[in-house]
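A structural walkthrough
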Amino acid sequence: MEQKDLMFIQSQIGYEFKNLDLLQQAFIRRSFSEENGGENNEVLEFIGDKVLDLFAVKYLTEKHGFLLSEQDYTEVDFDEFSCEKTEAELTEIKKLLVQKKTLANRIDVLGLADYLLMGKGDILQNISEENSVKEDLFEAILGAIAIDSSWNMEALENATLIMLAPESILSDSDTEDYVSLIQEWAYNKTGGIPLYHFDESGYHITWHDGFQGVEQHLDIYDELVNKTKYHCLLKLSDDLPIFRGFGKTQTEARRNVCKLAYEYLCKKDMWLSISDEIDNPNKDDAINQLEILARRDYFSIPTYEFNQTYDNDGNPVWESICRIAEKEKSFSAKSSSKKDAKKSAAYKMLQYVLEN
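What this report covers is the structure whose coordinates are included nearby.

Conventions we followed
- Residues numbered from 1 in each chain as written.
- Predicted model: local features only at pLDDT ≥ 70, side-chain atom pairs only at ≥ 80, totals over all residues.
- Heavy atoms only, no water.
- Helix = DSSP H or I, 4+ residues; strand = E, 2+ residues; numbered from the N terminus.
- Buried < 20%, exposed > 50% of the residue type's maximum accessible area, 1.4 Å probe, protein only.
- Contact = heavy atoms within 4.5 Å.
- Lys, Arg positive; Asp, Glu negative; His and termini not counted.
- Charge placed at Lys NZ, Arg CZ, Asp CG, Glu CD.
- Pairing = 2+ DSSP bridges.
- Axes fitted to C-alpha atoms, helices over the stretch in contact; angles between N-to-C directions.
- Core = buried A, V, L, I, M, F, W, Y, C linked by side-chain atoms within 4.5 Å.
- 1 Å grid on protein atoms, 1.4 Å probe; cavity = no way out; pocket = protein on both sides within 12 Å on 5 of 7 lines; lining within 4 Å.
- Points joined across faces, edges and corners; volume = space filled by probe spheres on them.
- Patch = residues over 30% accessible without salt bridge, like charges linked within 9 Å, V, L, I, M, F, W, Y side chains within 5 Å.
- Areas by Shrake-Rupley, 256 points an atom, 1.4 Å probe, with all protein chains shown as cover.
- Salt bridge = Lys/Arg side-chain N within 4 Å of Asp/Glu carboxyl O.
- Phe/Tyr/Trp six-rings, centres within 6.5 Å; stacked < 30°, edge-to-face > 60°.
- Lys NZ or Arg CZ within 6 Å of the ring centre and 35° of its normal.
- Polar contact = N/O pair within 3.5 Å; in protein donor to acceptor, adjacent residues only side chain to side chain.
- Disulfide = S-S within 2.5 Å.

Moving on, we get to the overall build of the chain. Scanning the chain for helices and strands turns up 15 helices and 9 strands. Across its three principal directions, the C-alpha atoms of the chain cover 80 × 65 × 50 Å. Burial statistics for the chain: of 356 residues in total, 42% are counted as buried. The long-range share in the chain, meaning contacts at least 24 apart out of those at least 6 apart in sequence, stands at 58%. Distance between charge centroids for the chain: 6 Å, based on 38 positive and 66 negative side chains.

Structural data, given as structure tokens:
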């Protein structure tokens, strides 16, 4: 693995290795080590699985639990732990966070699967695209960090939260998930992924001097300024400035820099339009494509009405009418097939909303 590849990986996971051999080992499949010798990532994967469990539980405990003494009670003579979620609910949420599909998706978002080192057989079978392989890689990276950091809990927690991004997976409907929004913008506009770089240094009044980019400015009289411990740099494309955000944790710094970039793109009228949401509008996928747009809050879920008549030969003719509550227009289509009529009506509506 080249030096530039190792640097990119470290910037994405929010951890700098003292021993880069450990980082490379996290990407080595057994098929590669069997052909070329050396160690692979299987034991690191075992270690990382336990790291992931620990910090997933810690995250959920801090998100949903509290000591009663910390609440605003007038009379409290006990200090018990309480949680707004039941054990069963916490178990289901944890499953969502650590399941194979989630970890595989996060590896894709971070752009790390392409760096896997595999044997010839695995390459021919395109093993790197399998969710289980990406899951193994996610856990192996955490295992490598555990060994390299000598089980430094702060470093492990930072890396786990940056790689997993639980706030984007469990985000509340009334809270903007700026990390995912920036990820989506980069995918749609550049075909790439956002590039992050973390440093352990907080906000300072003189930092903006000479900085050739867009920076989060904080009120120097706010006591929280002195608690900022990290900053995060974000690069989206060569024709945009570098963004810099701050936070008490690396995850907070990343969230703040993504919010900064989001606000900048909106102000410059560079944010995604409805036409950016659908790559290939077409009749066969029109029903699903309309629903995607609806679930992204462009409009309400489309409704369909059907009428059946018969032609002169007695063959059935289906008419489908597609409506969207917020739109004044409706679109209809006829076909001998009920399904085809629905697709055609949906496609007419899709074309209309994309153009208007």
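What follows deals with the sheet that holds strand E3 (residues 195-199). On the basis of which strands lie adjacent, the open sheet formed by 4 strands has the order E3-E5-E6-E4 and mixed pairing. On the outer flanks of this sheet lie E3 and strand E4 (213-215), each paired with one strand and no other. Ignoring strand direction, the axes of neighbouring strands in this sheet form an average angle of 20°.

Another aspect to go through is the nonpolar core. With 45 residues, the main nonpolar core has Ile13, Leu112 and Ile141 as its most contacted residues. Put simply, the parts of the chain that give this core at least two residues each are helix H1 (3-13), helix H2 (20-25), helix H4 (42-64), helix H5 (87-98), helix H6 (100-110), helix H8 (131-148) and helix H9 (153-164). Residue contributions to this core peak at 9 residues, all from H8. Beyond its immediate stretch of four places on either side in the chain, isoleucine 13 contacts Leu112, Ile141, Ile145, Ala159, Ile162 and Met163. Among the nonpolar cores identified, the runner-up in size contains 23 residues, and Tyr230, Leu236, Cys258 and Tyr262 belong to it.

Before going further, it helps to examine empty space enclosed by the protein. This structure, assessed with the given rule, holds 1 cavity of 30 Å³ or more. Empty space within the largest cavity amounts to approximately 70 Å³. Listed by contribution, the elements that provide at least two residues to the lining of the largest cavity are H6 and helix H11 (178-189). If one sorts the elements of the lining of the largest cavity by residue count, H6 sits on top with 3 residues.

What follows covers a nonpolar patch on the surface. A contiguous nonpolar surface patch, about 370 Å² in accessible area, is contributed by Leu54, Ile147, Trp151 and Met153. As for its position among the elements, tryptophan 151 is in the loop between H8 and H9.

Turning to the packing of aromatic side chains, a few remarks are in order. Within this structure, the stated rule accounts for 7 aromatic pairs. Ring centres 5.8 Å apart and planes at 40° place the aromatic pair phenylalanine 8 and tyrosine 115 in the tilted group. Of this pair, phenylalanine 8 sits in helix H1 while tyrosine 115 sits in the loop between H6 and helix H7 (120-124), and the two are 107 residues apart along the sequence. Members of the aromatic cluster, joined through ring pairs, are Tyr178, Tyr262 and Trp271. The ring of phenylalanine 306 is capped by lysine 338, whose NZ or CZ atom sits 4.7 Å from the centre of that ring. Across from the ring centre of tyrosine 304, 4.7 Å away, lies the NZ or CZ of lysine 342, which sits over that ring.

Further remarks concern the side chain of aspartate 5. Within the fold, aspartate 5 resides in helix H1. Here lysine 4 takes part through its side chain, which lies 3.4 Å from a polar atom of the side chain of aspartate 5.

Overall, the coordinates contain 0 disulfides when judged by the stated rule. Sulfur of cysteine 232: no disulfide; nearest cysteine sulfur belongs to cysteine 258 and is 6.9 Å away. With relative accessibility at 0%, the residue cysteine 232 sits in the buried group.

What follows is about the side chain of serine 237. With respect to the helices and strands, serine 237 occurs in the loop between strand E5 (230-235) and strand E6 (242-247). Within polar-contact distance, the side chain of serine 237 engages the side chain of aspartate 239 at 2.4 Å.

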